[in-house]
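# Commentary on secondary and tertiary structure
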Amino acid sequence: MAVSGTDLPPVDAADPSPVHRAFGFADICGFTAYLEREGPLAAVRLVSTFRSSAREIAARRGVRIAKWLGDGVMFVSVEAGPLLATTVELTSRMKTTGMDLRSGVATGSCLLFEADDYIGHSVNLASRLCDLAGPGEVLADENTATLAPDWVRVGPPRRKRLPGVGKVEGICTLRFDSDIPLSA
């Protein structure tokens, strides 16, 4: 049962009701090696550039930054399309700076815990997809990928067993479709 912010409270208000959300995780590939090679000042500048871009893109698209994860970020949105657009745009933008991100996106029911945290399969799936992604890659489950904007190219689904999640039948790679001209 879907719950909106205006529904009557449940009979037992202590009983948590699931909510439907889209989740995205993105992190900088090879950050630890970068820190060791380039030093703390360069590493802080790199994370600063990443966070600044993530904030700007997420705010413009109406996506919330749920939490920072060191050199990574967790996004949450009530709709998958804006979240997919955010992760694909951020990954594409960071590639132009020489920084590779890896990202994972999934949607589904979950529990909203203590008003600002999320628990459930869709959260875990998005995190594991991020772990699986290669440099510059955005992965999404097939159902979520169908909600991508028309300027995002969606690759064919593949199957993979993910730790803590199990076998996932449809994992799609998403990327900016360079054949579509940007609007002015």
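One can find the structure itself at the top, above this paragraph.
No experiment lies behind these values; they were computed from the predicted model shown.

This part is about the environment of Ala33. Looking at where Ala33 falls in the secondary structure, it is placed in helix α1 (residues 31-38). Ala33 sits in the partly exposed class, given a relative accessible area of 42%. On a C-alpha basis, the gap between Ala33 and Ala43 in space is 10.0 Å, while along the polypeptide they are 10 residues apart.

What follows is about the environment of Ala148. For Ala148, the position within the fold is in the loop between α5 (142-145) and β7 (152-154). On a C-alpha basis, the gap between Ala148 and Gly81 in space is 5.3 Å, while along the polypeptide they are 67 residues apart.

Judged by side-chain polarity, Leu111, Phe113 and Ile119 come together as a nonpolar surface patch covering roughly 250 Å² of accessible area. Structurally, the position occupied by Phe113 is in strand β4 (residues 101-113).

Mapped onto the elements, Asp71 comes out in the loop between β2 (64-68) and β3 (72-77). Put simply, Asp71 is tucked away with no salt bridge, and the nearest opposite charge, on Arg102, sits 7.0 Å away. Beyond its immediate chain neighbours, meaning those up to four positions away, Asp71 contacts Ala26, Asp27, Ile28, Phe31, Val47 and Phe50.

The next subject is the pattern of salt bridges. Side-chain pairing between opposite charges can occur once the charged atoms of the two side chains come close. Inspection of the entire model under this criterion finds 10 salt bridges. Among the ionic pairs, Glu89 bridges to Arg60, the shortest N-O distance being 2.5 Å. Note that Glu89 is positioned in helix α3 (residues 80-95) and Arg60 in helix α2 (residues 40-61), a separation of 29 residues in sequence. Classification of Glu89 as buried rests on a relative accessible area of 16%. Look at Arg60 and you get partly exposed, because its relative accessible area is 45%. The closest approach of N and O atoms between Glu89 and Arg93, which form a salt bridge, is 3.4 Å. Placement of the pair is Glu89 and Arg93 together in helix α3, with a separation of 4 residues, close to one helical turn.

Once that is clear, we can look at the pairing of strand β9 (residues 166-176). Of the strand pairs in this sheet, strand β6 (residues 137-141) and β9 are connected by 4 bridges, and their pairing is antiparallel. Its bridge partner being in β9, Leu139 is matched across the sheet by Thr173. The pairing of β7 with β9 spans 3 bridges and is antiparallel. Bridge pairing in β9 places Arg153 opposite Arg175. Summarising the sheet, strand β8 (residues 158-162) and β9 pair through 4 bridges and their orientation is antiparallel. Considered in β9, the bridge of Arg158 is made with Ile171.

Conventions and cut-offs
Residues numbered from 1 in each chain as written. Predicted model: local features only at pLDDT ≥ 70, side-chain atom pairs only at ≥ 80, totals over all residues. Heavy atoms only, no water. Helix = DSSP H or I, 4+ residues; strand = E, 2+ residues; numbered from the N terminus. Buried < 20%, exposed > 50% of the residue type's maximum accessible area, 1.4 Å probe, protein only. Patch = residues over 30% accessible without salt bridge, like charges linked within 9 Å, V, L, I, M, F, W, Y side chains within 5 Å. Areas by Shrake-Rupley, 256 points an atom, 1.4 Å probe, with all protein chains shown as cover. Salt bridge = Lys/Arg side-chain N within 4 Å of Asp/Glu carboxyl O. Lys, Arg positive; Asp, Glu negative; His and termini not counted. Contact = heavy atoms within 4.5 Å. Pairing = 2+ DSSP bridges.

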